[in-house]
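Here is what each chain is made of, one letter per residue.
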Protein chains: 2
Amino acid sequence: VPATPEDIRSSVTSYVERFNAGDREGWAALFAPDHVIDDPVGSPLLQGPDGAGTFWDNNHAIAPDAKLAISGPIVVVADEAAFPLEIQVSGVVIDVIDIMGFDDQARIRSLRAWWNLADAHPPAG
Amino acid sequence: VPATPEDIRSSVTSYVERFNAGDREGWAALFAPDHVIDDPVGSPLLQGPDGAGTFWDNNHAIAPDAKLAISGPIVVVADEAAFPLEIQVSGVVIDVIDIMGFDDQARIRSLRAWWNLADAHPPAG
């Protein structure tokens, strides 16, 4: 039985909430064992079962205060979710587009994220 | 020489402007001869050189009054652009995430778009 759109949206929401709560284990548990992470796109791929943990550690070493915020509608098509995201770090914002693929249990099997550190800008408003 | 981020952003803007102007030929000319269109993702692929024209005709047969609006930041990474878009049609809005790949002349080589007709909703505000 494929994951429902509701299950997929719930996983996306948990991805952001657990990241922002500093919950490394809970966040990594959102990934399927055979996941592939390409974030930002073009960087070396990180693969399961330990890719997500490595991704977390790499990012928290560089930007321990980073927070995420979903910045527009989450579109779900079949087993994929596509949505805009903000990385909020050190007083600046980086705009991101995420495409995630999910398994039947709504665990993240693939994460691709388009963003550039060079595009960081002050928060709106 | 790869296309610059400015060239790629200009192509994205033209894509929306020419679509909304009803300029079928100008819009189709934004695509490279060897393009591949997967819009919405999971539908039968349309390929160059005539895929874009077929895509235009198919969509205008179904929704001749559809307009597009970019609804968030355009992220450019290497030869790709990623951005949120709205399809505005018959008084409703459909949320879209587009990922486009470009050739050295900033012509569209690939278009993937995530959206569902079933997710149409009234305009905000």
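Residues numbered from 1 in each chain as written. Chains lettered and ligands numbered in written order. Predicted model: local features only at pLDDT ≥ 70, side-chain atom pairs only at ≥ 80, totals over all residues. Heavy atoms only, no water.

(A) Quick peek at the environment of T4(A). By the element assignment, T4(A) lies in the segment before α1 (5–20). Separated by 97 residues in sequence, T4(A) and G101(A) have C-alpha atoms that sit 13 Å apart. (Helix = DSSP H or I, 4+ residues; strand = E, 2+ residues; numbered from the N terminus.)

(B) Representation of the interface of chain A and chain B within the structure. Listed as interface residues are 19 residues of chain A and, on the opposing side, 19 residues of chain B. Buried surface at the junction of chain A and chain B, summed over both partners, amounts to about 1,500 Å²; 67% is from carbon and sulfur atoms. A per-residue breakdown of the area chain A buries against chain B is headed by V77(A), I97(A) and W114(A), which together make up 35% of the total. Applying the counting rule to chain A against chain B returns zero salt bridges. Among the secondary structure elements, those contributing two or more residues to the side of chain A that touches chain B are β4 (75–77), β5 (80–89), β6 (92–102) and β7 (108–114) of chain A. (Contact = heavy atoms within 4.5 Å. Buried area = accessible area lost by both parts, 1.4 Å probe. Salt bridge = Lys/Arg side-chain N within 4 Å of Asp/Glu carboxyl O.)

(C) A look at the pattern of salt bridges. Residues and elements named next belong to chain A. For the coordinates displayed, the defined rule picks out ten salt bridges over all chains. R112 is the partner of E80 in a salt bridge, and the nearest nitrogen-oxygen pair spans 3.7 Å. With E80 in strand β5 and R112 in strand β7, the pair connects residues that are 32 residues apart, well separated along the chain. Where salt bridges share partners, they join R24, E25 and D57 into one cluster.

Shape descriptors only; they carry no functional weight alone.
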